[in-house]
Amino acid sequence: MTAPQADLIVDRPLVTDGAALWRIAKDSGSLDLNSSYSYLLWCRDFAGTSAVARGADGEPVGFVTGYTRPDRPDTLLVWQVAVDAAQRGRGIAARLLDGLTARVAADRPLTAVETTITPGNTASERLFTSYAARHGAVVERTVLFEAGEFPDGPHDPEVLYRIGPLTPTSH
């Protein structure tokens with residue numbers, strides 16, 4: 001892994017970042033691409049539970065989107081994580097995830113992080129298992145959505161990764 005960028009800034013996304021987040025997601029080659037409109041809304045309505053990494057020029061080079069679950073407000077569900085291809089291998093995704101969970105935990109109790117990962121997505125598996133290890137938490141895996149539950153054709157199952165318990169000192 002290349003050394004982390006010293007001039008990288010992790011902060012809240014702005015609505016004006018929506019187009020760049022859509023482009024990074026589109027270029028990732030692994031994410032389910034949402035509409036460009038949804039990225040604009042996400043940057044407006046879920047900026048408090050999402051993060052963007054900015055390079056020296058202030059432009060987004062990576063992002064993580066998430067929300068707190070309505071029925072479990074102490075759980076952050078991470079929706080998507082993506083880093084621009086030219087910036088991968090520098091620990092940006094880990095910095096985004098650590099920065100986001102620290103910011104969310106400063107505002108409210110945070111005891112768990114959840115995400116879904118399709119089987120074979122090694123990069124995401126490594127990101128979230130290393131996050132759990134850094135924070136001294138356990139990873140529980142269960143299938144959240146079976147392949148046959150998706151109405152729009154073939155889709156791999158989505159495996160829920162629940163990471164916790166997180167303690168105030170672990171994030």
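- Under an unreviewed UniProt entry, the name given to the protein chain is L-2,4-diaminobutyric acid acetyltransferase, and the organism recorded is Streptomyces sp. 900105755.
- Per UniProt, the protein chain carries the Sequence similarities (unreviewed entry) text "Belongs to the acetyltransferase family. EctA subfamily."
- Per UniProt, the protein chain carries the Pathway (unreviewed entry) text "Amine and polyamine biosynthesis; ectoine biosynthesis; L-ectoine from L-aspartate 4-semialdehyde: step 2/3."

## A look at the pattern of salt bridges
Okay, step 1: Summed over the entire model, instances satisfying the criterion amount to 10 salt bridges.
Okay, step 2: For the salt bridge of Asp-27 with Arg-23, the shortest nitrogen-to-oxygen distance reads 3.6 Å. With Asp-27 and Arg-23 both in helix H1 (residues 18–28) and 4 residues apart, the pair spans about one turn of that helix.
Okay, step 3: Residue Arg-23 is classed as partly exposed on the basis of its relative accessible area, which comes to 33%.
Okay, step 4: The residue Arg-134 makes a salt bridge to Asp-98 at a minimum N-O spacing of 3.0 Å. Placement of the pair is Arg-134 in helix H4 (residues 122–134) and Asp-98 in helix H3 (residues 92–107), with a sequence separation of 36 residues.
Okay, step 5: In this structure Arg-134 comes out as partly exposed when scored by relative accessible area, which is 39%.

What counts, and where the lines are drawn
- Residues numbered from 1 in each chain as written.
- Predicted model: local features only at pLDDT ≥ 70, side-chain atom pairs only at ≥ 80, totals over all residues.
- Heavy atoms only, no water.
- UniProt positions renumbered as here; feature names shortened; annotations may be inferred.
- Salt bridge = Lys/Arg side-chain N within 4 Å of Asp/Glu carboxyl O.
- Helix = DSSP H or I, 4+ residues; strand = E, 2+ residues; numbered from the N terminus.
- Buried < 20%, exposed > 50% of the residue type's maximum accessible area, 1.4 Å probe, protein only.

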